[in-house]
Amino acid sequence: MMKKRKPYCRDAREKEFTMDQQAWERLSPEEKKEELYLRQVRLLQTFLARGAISQAQYDKSFHDLTEKMGMQDLASGKDGC
């Protein structure tokens, strides 16, 4: 019987988490918050690029995320993520 493989994206996430675990633990709470925000923005950008969401959905989600996380200062650099 063939061994069932995990989906590629799941493997990638697990590997990324494992590789970054020590670095993550050294971050301050504020640095962790910023990193989480940037990861969410990159995810939104990926959804937009692949057509999973519209530009209007991206704009609303980006605005809501930025406001809820209090990252207005970081938002000006959204295209550089």
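Because the structure is predicted, anything quoted here is derived from the model rather than measured.

Novice: Whenever I open this one, the overall build of the protein chain confuses me. Can you help?
Specialist: Along the protein chain, the regular secondary structure elements total four helices and zero strands. Shown N-terminal to C-terminal, the secondary structure of the protein chain runs as helices and strands in the order α-α-α-α. When burial is assessed residue by residue, the protein chain has 15% of its 81 residues classed as buried. Only carbon and sulfur atoms are counted for the fraction: they give 54% of the accessible area of the protein chain, which is about 6,900 Å².

Novice: Help me understand the packing of aromatic side chains in this model?
Specialist: The description of an aromatic ring pair uses the distance of the two centres, along with the angle that the planes make with each other. Enumeration over the complete set of coordinates arrives at two aromatic pairs. An angle of 50 degrees between the planes, with centres 6.5 Å apart, marks the rings of Tyr37 and Phe62 as tilted. Note that Tyr37 is positioned in helix α2 (residues 29-49) and Phe62 in helix α3 (residues 55-69), a separation of 25 residues in sequence. Side by side, Tyr37 and Phe62 carry an identical accessibility label, which is buried. Here the aromatic rings of Tyr58 and Phe62 are separated by 6.0 Å at their centres, their planes lie at 15 degrees, and the arrangement is stacked.

Novice: Where do I start with the confidence of the model for the protein chain in this structure?
Specialist: Mean pLDDT for the protein chain: 79, with 70% of residues reaching 70 or above. Here helix α1 (residues 8-26) stands out as the least confident element of the protein chain, with mean pLDDT 61; α3 is the most confident, with 96. Scored below 50 in pLDDT, residues 1-12 makes two contacts in the model with residues more than four places away or belonging to other chains.

Novice: What is the right way to read the nonpolar core from this model?
Specialist: Nonpolar side chains tend to gather and get buried jointly when the protein is soluble and globular. Membership of the largest hydrophobic core is limited to eleven residues, which are Tyr37, Leu38, Val41, Leu44, Ile53, Tyr58, Phe62, Leu65, Met69, Met71 and Ala75. At the level of secondary structure, the elements contributing two or more residues to this core comprise α2 and α3. Dropping the residues within four chain positions of it, Leu44 is found in contact with Ile53, Tyr58, Ser61, Phe62 and Leu65.

Novice: Can you help me understand the environment of Gly70 in this one?
Specialist: Along the chain, Gly70 turns up in the loop between α3 and α4 (72-75). Taking the relative accessible area as the measure of exposure, Gly70 reaches 46% and is therefore partly exposed. As a C-alpha pair, Gly70 and Glu34 span 36 residues in sequence and 9.7 Å in three-dimensional space.

Novice: Mind showing me how you'd approach the pattern of salt bridges here?
Specialist: Once their charged atoms are close, side chains differing in charge can pair, the charge on each being opposite to the other. Evaluation of the coordinates by the stated rule reveals three salt bridges. A salt bridge links Glu35 to Arg39, with the shortest nitrogen-to-oxygen separation between them at 3.2 Å. Pair noted here: Glu35 and Arg39 are both in helix α2, with a separation of four residues, about one helical turn. Through salt bridges with shared partners, a single ionic network connects Glu35, Arg39 and Arg42.

The rules behind these values
Residues numbered from 1 in each chain as written. Predicted model: local features only at pLDDT ≥ 70, side-chain atom pairs only at ≥ 80, totals over all residues. Heavy atoms only, no water. Helix = DSSP H or I, 4+ residues; strand = E, 2+ residues; numbered from the N terminus. Buried < 20%, exposed > 50% of the residue type's maximum accessible area, 1.4 Å probe, protein only. Areas by Shrake-Rupley, 256 points an atom, 1.4 Å probe, with all protein chains shown as cover. Phe/Tyr/Trp six-rings, centres within 6.5 Å; stacked < 30°, edge-to-face > 60°. pLDDT = per-residue confidence, 0-100. Contact = heavy atoms within 4.5 Å. Core = buried A, V, L, I, M, F, W, Y, C linked by side-chain atoms within 4.5 Å. Salt bridge = Lys/Arg side-chain N within 4 Å of Asp/Glu carboxyl O.

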